[in-house]
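Summary of structural features
Read off the chains here:
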Amino acid sequence: MAMELALDEGGWSQPLLDRLVNARPSRCAGAGGRGTAAERMAKMLFKI
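Sequence order sets the numbering: in each chain, residues are counted from 1 along the sequence as written. Given that the model is predicted, a residue must reach a pLDDT of at least 70 before its local features are reported, and side-chain atom pairs must reach 80 or more before they are shown or counted; all residues, however, enter totals for whole chains, interfaces and linings. Processing note: side-chain calculations cover all non-hydrogen atoms of the structure and skip hydrogens and water entirely.

Some points on the layout of surface pockets
- Cavities and pockets were defined on a 1 Å grid built from protein atoms only: a cavity is a group of points that admits a 1.4 Å probe but offers it no way out, a pocket is an open group of points flanked by protein on both sides within 12 Å along at least five of seven lines, and a lining residue is one with an atom within 4 Å of any such point. Grid points are joined across faces, edges and corners, and a volume is the space filled by probe spheres set on the points. For the largest pocket, the calculated volume is near 260 Å³.
- What lines the largest pocket is a set of 14 residues, among which A31, G32, R40, K43 and M44 lie closest to the centre.
- Of all the secondary structure elements, the ones that give two or more residues to the lining of the largest pocket are β1 (26-28), β2 (31-35) and α3 (37-47).
- Looking at side-chain class alone, the lining of the largest pocket contains 3 nonpolar, 5 polar and 6 charged residues. Starting at the N terminus, helices and strands are each numbered in turn, a helix being any DSSP run of H or I of at least four residues and a strand any DSSP run of E of at least two. Polar here means any residue outside two lists: the nonpolar Ala, Val, Leu, Ile, Met, Phe, Trp, Tyr, Cys and Pro, and the charged Asp, Glu, Lys and Arg; Gly therefore counts as polar.

See below:
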């Protein structure tokens, strides 16, 4: 429900929704353990 309330259909940028979705630790296919999207992206970029 919180994510539904964070959606601003009138705008292109969705900072509140982005924060709710990407700041929470979660599991991701192909990545071991839990982490945030930003942490996983940083690890991938560090490798290249």
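Considerations on the pairing of β2
- Only when DSSP finds a minimum of two bridges between them are two strands counted as paired. Of the strand pairs in this sheet, β1 and β2 are connected by 3 bridges, and their pairing is antiparallel. What sits directly across from S26, in β2, is G35.
- Taking the residues that link successive antiparallel strands as the turn, the β1-β2 hairpin has 2 residues, and the phi of G30 there is positive, at about 90 degrees.

Description of the confidence of the model for the protein
- For every residue, the predictor reports its confidence as pLDDT, a number between 0 and 100. When pLDDT is averaged along the protein, the result is 79, and 88% of the positions lie at 70 or above.
- Across the protein, the secondary-structure element scoring lowest on mean pLDDT is helix α1 (residues 2-6), at 60, and the one scoring highest is α3, at 87.

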